[in-house]
Amino acid sequence: MSTRNISINIFLAIAALLGMDLYVFFVLRKSISSPSGRRIFYAVYSISVVIAYIGLYFLYTNFLIKPLQASLIPNLFVGFFFSFFVFKLLLITFFLVEDIVRMAKFLFLVVLNIFKDKKLDTGPDSRRKFIRKAGLLVAAIPFTSMLYGITKGKYNLKVNTIKLSFKNLPKAFEGYKIVQISDIHSGSFDDREAILDGIDLVKEQEADLILFTGDLVNNDSREIVPFIDDFKRLQAPDGVYSILGNHDYGDYKKWPSEKDKMENMELLHEYQREMGFKLLNNENDSIRRGEEEIGIYGVENWGNPPFPQRGDIDKALRGRENIDFKILMSHDPTHWNKKVLQHPTHFDLTLSGHTHGMQFGVEIPGFKWSPSKYIYPQWAGLYKKSKQYLYVNRGFGFLGFPGRVGIWPEITVIELSRKT
């Protein structure tokens, strides 16, 4: 895309945002009758708009510069921009529906008035005030939730424990405990103490094996440097294994040359080794208990375009095709749907991440929803097809929107047992 086209798109986006602000401002102002109430409204709304546009500025500059580390204040401004945008979007939905109904009724009455000499009336003002108040109430729920999400929710780590039984699990692995983490996105962190608490929480699970399913960074391998010693503390008797996610390749950053991009990838491999992570790039390993073993297989990222499709199951299997019990690490759950289930080799358990559950949704007993479900058939939690399991981790970190609402960051504990 040319610089001219980018400038036009930015201009149109700002014009649309200004239009939203003006529309919401004038509609809300009509709902306030007292002079003192209007003065308070003018002050609050003006301050909110200023904060939101500062957030937009930080969002734009971060998109261009792609900083190696985030900081709390810019993240809060960016988070407020997203929160205020959703607030206005919901209000506009309510207001537009009400305006369209009023206009339709007005036109209908105009037609009636042509044939019947009746006074035009578009309905009581009390009804319009009620609709505006209802809109405010509905819009306030996600707005306040998102404010919580950008302050506390993004580090509200949850430990989700699942127990899976398999007929072909070797006896020696009865009760075997795996911890899965995914999507660290170290370039987004703005609270090191919260990260240390998360790492401690992983350690408290006392796993036999830790598996990390990709996206260590956002754009640049150097993002992980301040946290190398912290993540080095993640240890398990059978080791820590990792794979690459779509963000780990550096595809979303403009590099001075292809050589610089390759050096960035070499650095990522080096940092993972320094942390004690064993990176599986279309490779495998096995965990032994006496004479019995299970296979650990890791593929590079494979997703629907524009995400890269570097994962190669056949290559990852080489040398350990005949192990009875197989665990596959594949960052994008799309791979499970499109390739893993159709592959002649049976993988008992596939572990993925990538979706973050879009960091926004509702999860309560008996009900689970997120906009992510309209993009990914498997977007969070446990799935089963053809005697094969997939678990999609909701992610350790966050990206884009610097918060989480309803879809909390996750540490997954998987306990294996033999099915009798």
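Residues numbered from 1 in each chain as written. Predicted model: local features only at pLDDT ≥ 70, side-chain atom pairs only at ≥ 80, totals over all residues. Heavy atoms only, no water.

A. Focus on the overall build of the protein. Along the protein, the regular secondary structure elements total nine helices and 14 strands. Across its three principal directions, the C-alpha atoms of the protein cover 95 × 50 × 40 Å. A buried classification covers 49% of the 420 residues belonging to the protein. When contacts within the protein are restricted to residue pairs at least 6 apart in sequence, those whose partners lie at least 24 apart make up 76%. Separation between the mean location of the 53 positive side-chain charges and that of the 45 negative ones in the protein comes to 12 Å. (Helix = DSSP H or I, 4+ residues; strand = E, 2+ residues; numbered from the N terminus. Buried < 20%, exposed > 50% of the residue type's maximum accessible area, 1.4 Å probe, protein only. Contact = heavy atoms within 4.5 Å. Lys, Arg positive; Asp, Glu negative; His and termini not counted. Charge placed at Lys NZ, Arg CZ, Asp CG, Glu CD.)

B. Seen up close, helix α7 (residues 258–275). For α7, with 18 residues, the first-to-last C-alpha span of 26 Å sits near the 26 Å given by 1.5 Å per residue. For α7, the set of buried residues is Asn264, Met265, Leu268, Tyr271, Gln272 and Met275. Burial along α7 is one-sided: seen end-on, the buried residues are contained in an arc of 120°. Across from the buried face of α7, at angles greater than 90 degrees, the exposed residues are Lys259, Met262 and Arg273. On its buried face, α7 sits against α6 (228–231), β4 (240–242) and β5 (277–279). Following α7 by one or two positions, Gly276 has its phi on the positive side, about 90°. (Expected span 1.5 Å × (residues − 1). Arc of directions from axis to C-beta.)

C. Quick peek at a positive patch on the surface. Taken together, Lys167, Lys384, Lys387 and Lys419 make up a surface patch of like positive charges. Note on placement: Lys384 falls in strand β12 (residues 381–385). (Patch = residues over 30% accessible without salt bridge, like charges linked within 9 Å, V, L, I, M, F, W, Y side chains within 5 Å. Areas by Shrake-Rupley, 256 points an atom, 1.4 Å probe, with all protein chains shown as cover. Salt bridge = Lys/Arg side-chain N within 4 Å of Asp/Glu carboxyl O.)

D. The arrangement of the sheet that holds strand β9 (residues 349–352) in detail. In space, the six strands of this open sheet follow the order β6-β7-β8-β9-β13-β12, with mixed pairing throughout. Taken across any chain shown, the strands that pair with only one partner, and hence form the sheet edges, are β6 (283–289) and β12. Across this sheet, the average inter-strand angle for adjacent strands is 20°, counted without regard to direction. In terms of strand pairing, β6 meets strand β7 (residues 292–298) through seven bridges, oriented antiparallel. Bridge pairing links Glu283 to Gly298 in β7. (Pairing = 2+ DSSP bridges. Axes fitted to C-alpha atoms, helices over the stretch in contact; angles between N-to-C directions.)

E. Representation of the nonpolar core in the model. Judged by nonpolar contacts, the single largest core of 34 residues is most densely connected at Ile181, Ile224 and Phe231. Sorting the residues of this core by element identifies β2 (177–181), α5 (192–204), β3 (209–212), α6, α7, β5 and β14 (410–418) as the ones contributing at least two each. Apart from the residues lying within four places of it in its own chain, the contact partners of Phe231 are Ile184, Phe189, Ile195, Ile199, Ile224, Met275, Phe277 and Phe396. If you look at the next biggest cluster of nonpolar residues, it comprises 24 residues, including Leu164, Tyr176, Ile327 and Leu349. (Core = buried A, V, L, I, M, F, W, Y, C linked by side-chain atoms within 4.5 Å.)

F. Inspection of the sheet that holds β14 at higher detail. Sheet architecture is open: six strands sit in the order β1-β14-β2-β3-β4-β5, paired in mixed fashion. Strand pairing shows two members of the sheet lacking a second neighbour, β1 (158–166) and β5, which therefore form its edges. Mean inter-strand twist for the sheet, computed between neighbouring axes without regard to direction, equals 25°. Sheet analysis places β2 next to β3, joined by four bridges and oriented parallel. Looking across to β3, one finds that Ile181 is bridged to Phe212. Against the sheet, α7 touches β4 and β5, its axis set at about 140° to β5.

G. Here's a closer look at the layout of surface pockets. Taken as a whole, the largest pocket spans an internal volume of roughly 1,400 Å³. In terms of lining, the largest pocket is formed by 45 residues, of which the most central are Leu59, Phe63, Leu399, Gly400 and Phe401. Counting residues per element, the ones that place at least two in the lining of the largest pocket are α1 (3–30), α2 (35–65) and α3 (72–115). Looking at the lining of the largest pocket, the element that brings in the most residues is α2, giving eight residues. Along the lines of polarity and charge, the residues of the lining of the largest pocket split into 26 nonpolar, 16 polar and three charged. Considering only enclosed or pocket space, the second largest pocket measures out at about 250 Å³ in volume. Leu28, Phe41, Tyr45, Phe87 and Leu136 are, among the 14 residues lining the second largest pocket, the residues nearest its centre. (1 Å grid on protein atoms, 1.4 Å probe; cavity = no way out; pocket = protein on both sides within 12 Å on 5 of 7 lines; lining within 4 Å. Points joined across faces, edges and corners; volume = space filled by probe spheres on them. Nonpolar A, V, L, I, M, F, W, Y, C, P; charged D, E, K, R; others polar.)

H. Structural detail: unusual backbone geometry. Going from Pro305 to Pro306, the amide bond is cis rather than trans, its omega being 15°. Examined against the element boundaries, Pro306 turns out to sit in the loop between β7 and α8 (313–317). The residue Asn282 is not glycine, and still its phi comes out positive at about 55°. Position of Asn282 among the secondary structure elements: in the loop between β5 and β6.

I. Region of interest: a nonpolar patch on the surface. A cluster of nonpolar side chains, Tyr60, Phe63, Leu64 and Ile65, forms an exposed patch at the surface whose accessible area comes to about 470 Å². As for its position among the elements, Phe63 is in helix α2. Judged by its relative accessible area of 58%, Phe63 is exposed.

J. Summary view of the environment of Thr350. Counting through the fold element by element, Thr350 comes out in strand β9. Its relative accessible area of 1% is what places Thr350 among the buried residues. For the pair Thr350 and Tyr383, spaced 33 residues apart in the sequence, the C-alpha separation amounts to 9.8 Å. Excluding its chain neighbours within four sequence positions, the residues that come into contact with Thr350 are Leu328, Ser330, Trp336, Val340, Tyr389, Leu390 and Tyr391.

K. Focus on the environment of Arg320. Structurally, Arg320 can be placed in the loop between α8 and β8 (326–329). Linking Arg320 and Ser286, residues 34 residues apart in sequence, is a C-alpha distance of 8.1 Å. Ignoring any residue separated from it by four or fewer positions in sequence, one finds Arg320 in contact with Asn284, Asp285, Ser286, Tyr297 and Lys326.

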